[in-house]
Amino acid sequence: MNKSDLISKVSEEAEISIKDSQKIVNAVLESIEEALSKGEKIKFLGFGSFEVRQRAAREGRNPKTGEVINLPSTAAPVFKPGKKLKDSIMRFERRKSGLPKIISITSGKGGAGKTNYVINTAIALAQKGLKVYIIDADLGTANVDVLLGVRAKYTIEHLVNGTKTSVMDIVIDAPGGIKIIPGGSGIQALADLSEMELNRVFNMFEPLEDHADVILIDTGSGISKNVVSFLLPADEIVVVVTPEPHAITDAYALIKVLNEKKVVKPVKMVFNMVDDIEEARNVARRILEVVGRFLEIKPYPLGYILRDNNVNKAVKMMEPFILCYPNTIASKNISEIAEKLNPNYQGANIRLENSFVYEQEKSIGFVAKLKKFLSR
Ligand SMILES: Nc1ncnc2c1ncn2[C@@H]1O[C@H](COP(=O)(O)OP(=O)(O)O)[C@@H](O)[C@H]1O
Ligand SMILES: [Mg+2]
C-alpha cells in the first residue's frame, strides 16, 4: 500500500471526498514528522510506536575492503509494531500456509441433486479428517438443515440485522462431524446491502479462517445474478448435471455465463442420477462438444453418481445417505469424487495439468475472498 492507496481507503471508509482524505492523511503524516523532528516518541495503542533512537558511536568494517572504520553516533528512526499489528502479521503468515478452500456447487436447474451432493461430499471430506463447513446459500430452496435432520435457529439474516455478531454464533453441528451455516433470508438481504454493510457482515466470517479447511457453498440453480455472484469468487466451481436433455441445456447455459464472466477458476462437472458410466460419458461428451465449439472455458468432468434408490430413502429419513447407507453405490461414488476436491489431494494437479491450464491465483485472505462474493 502506498500513500495514494491510503488516501483512497480513508476516503472510502470515512465516506469523505478524496480531497478531504488527502488533507487528513497529510496532516497525520506531518504530525508524525514534526513530533519525530522534536525527538518525541509517537505511540498508537495496538498499532505501534515510532521513535528516534540515538545509536552510540561504534567500530565497523568497510564491507568491501574489510578495513576497520569508526562509525559516529547517529540518530535512527525506529518503528516497533504493537499487538494489533503483530496479530495481523501472524494472520498473514497463517493464511499463506493454510487457507480454507471455497467450493461453490450449482446446477443449471433445480432438483439436480446439489444439496444431496454437497452434504454427502462434506461428510466424505470430514471422514478424511478435514474440517468442513457448508454455507446454505440457496435462495430458492434452502434445505441443507432439513436434509440433515437439524434445525437452524439463527441464520445469516441475524448477522445482517446485528442480532448476532460472529459467524460462529449461527453455526450448527450436523451429523457426520460437519458444520452448517444457514443462509435463510440472509442471502437475499446480503444482495441488497451496500458495499460497506456487506464488508461489515463478511468481517464476521473471519473466525472461519482458523476453523475451516473446506467451505462448500450450496448455491441456487440457474443463471440469475444472485446465483452467479456466489460462484465467481470460489476457488472451484462444481456444476451438477443430470442426464435429461433440458438439464443438459441448462447446464450449458450456465457454463456459457461463466465463460462470459471470464472465470479462470477450475469448473468441474458431476453427472448425477445416471444409469451407468456410459450414460455419464455420453452427457460429458455432449456438453464438452458444444463447449469446445463455442466457448473458451474447459469444464473438467470430475465424476458421476449413479441413480440409487437409497438416496431417496435417506432423504425421507432426513439422514445423509453416506451415513445410513455407507455401502450403497451412491456413497461409493461420492467418496471417490470427494477425494478429488480434497485440498491435500496430490493427484489433482498432475491429472489436470495435462488437459487444462488454470490461472494461478495469488493467495489472498479468506475474508478478502468472501468480500468478492456479491461485489459485482
Ligand atoms: N444419485 C441419486 N439417485 C437417486 N435420487 C437422487 C440422487 N441424487 C438426488 N436424488 C433425488 O433428487 C431429489 C433432489 O435432490 P436435491 O439434492 O434436493 O436437489 P437440488 O438441491 O439440486 O434441488 C431428491 O429427492 C433426491 O432424493
Ligand atoms: Mg438444494
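The structure displayed is predicted, hence computed values, not measured ones.

Thoughts on the pairing of strand β6 (residues 101-107)
By the criterion of burial, β6 is predominantly enclosed, with seven of the seven residues buried. Where β6 and strand β10 (residues 214-219) come together, five bridges link them in parallel fashion. Each residue of the ladder has a partner; that of Ile105, found in β10, is Asp218. Two strands pair when backbone bridges link them, and β6 and strand β11 (residues 236-241) are joined in this way by five bridges, in the parallel orientation. Residue pairing across strands places Ser107 opposite Val240, the latter belonging to β11.

Re the packing of aromatic side chains
The final tally for this structure, using the stated rule, is five aromatic pairs. Between Phe44 and Phe47, the ring centres sit 6.4 Å apart and the planes meet at 65°, which makes this aromatic pair edge-to-face. Taking relative accessible area as the criterion, Phe44 reaches 34% and is therefore assigned partly exposed. Ring-pair connections join several aromatic residues into one group, and the members of that group are Phe44, Phe47, Phe50 and Phe79. Against the face of Tyr154 rests Lys164, its NZ or CZ located 4.4 Å from the ring centre.

With respect to the side chain of Ser107
Relative to the helices and strands, Ser107 is located in strand β6. Judged by its relative accessible area of 0%, Ser107 is buried. Here Lys109 takes part through its backbone oxygen, which lies 2.6 Å from a polar atom of the side chain of Ser107. Polar contacts involving the side chain of Ser107 include one to the side chain of Lys114, which spans 3.0 Å. When residues no more than four places from it in sequence are discounted, the contact partners of Ser107 are Ala112, Lys114, Gly220, Ser221, Gly222, Val239, Val240 and Leu254.

Comments concerning the domain arrangement of the chain
Taken domain by domain, the chain holds domain 1 (3-80) and domain 2 (98-372). Each of domain 1 and domain 2 has a C-alpha centre, and the two are 47 Å apart.

Topic: the environment of Arg307
Positionally, Arg307 belongs in the loop between β13 (300-306) and α13 (309-317). Residue Arg307 is classed as partly exposed on the basis of its relative accessible area of 48%. Those residues in contact with Arg307 that sit more than four places away from it in its chain are Glu244, Met273, Val274 and Asp275.

Considering helix α15 (residues 329-339)
Of the residues making up α15, those classed as buried are Ala330, Ser331, Asn333, Ile334, Ile337 and Ala338. Here the buried residues of α15 occupy an arc of 160° about the axis, which is enough to place them on one side. Residues of α15 that are buried sit in contact with α4 (114-126), β12 (267-274), β13, α13 and α14 (321-324).

Topic: α4
If you check α4, its first and last C-alpha atoms are 18 Å apart, about what 13 residues at 1.5 Å a residue would give, namely 18 Å. The buried fraction of α4 is high, at 13 of 13 residues.

Looking at the sheet that holds strand β1 (residues 42-44)
Taken in spatial order, the three strands of this open sheet run β1-β2-β5, and their pairing is antiparallel. Two strands bound the open sheet, and with one partner strand each, they are β1 and β5 (74-81). Here the strands of the sheet are splayed against their neighbours by 25° on average, with no regard to which way each runs. Sheet topology note: the strand β2 (residues 48-55)/β5 ladder contains eight bridges and is antiparallel. When the bridges of β5 are listed, Arg55 appears paired with Thr74.

Quick look at the sheet that holds strand β7 (residues 132-137)
A sheet is described by the order of its strands in space; here eight strands give the open sequence β8-β9-β7-β10-β6-β11-β12-β13, paired in mixed fashion. The sheet is open, and its two borders are formed by β8 (172-174) and β13, each paired with just one other strand. Put simply, the sheet's adjacent strands are angled 25° from each other on average, direction ignored. Most of the contacts of helix α11 (residues 245-260) go to β11, to which it runs at about 160°, and overall it touches β6, β11 and β12. Of the strands in this sheet, β11, β12 and β13 touch helix α12 (residues 277-294), which is tilted by about 140° from β12.

Parameters at a glance
Residues numbered from 1 in each chain as written. Chains lettered and ligands numbered in written order. Predicted model: local features only at pLDDT ≥ 70, side-chain atom pairs only at ≥ 80, totals over all residues. Heavy atoms only, no water. Buried < 20%, exposed > 50% of the residue type's maximum accessible area, 1.4 Å probe, protein only. Helix = DSSP H or I, 4+ residues; strand = E, 2+ residues; numbered from the N terminus. Pairing = 2+ DSSP bridges. Phe/Tyr/Trp six-rings, centres within 6.5 Å; stacked < 30°, edge-to-face > 60°. Lys NZ or Arg CZ within 6 Å of the ring centre and 35° of its normal. Polar contact = N/O pair within 3.5 Å; in protein donor to acceptor, adjacent residues only side chain to side chain. Contact = heavy atoms within 4.5 Å. Domains from an automatic or database assignment. Arc of directions from axis to C-beta. Expected span 1.5 Å × (residues − 1). Axes fitted to C-alpha atoms, helices over the stretch in contact; angles between N-to-C directions.

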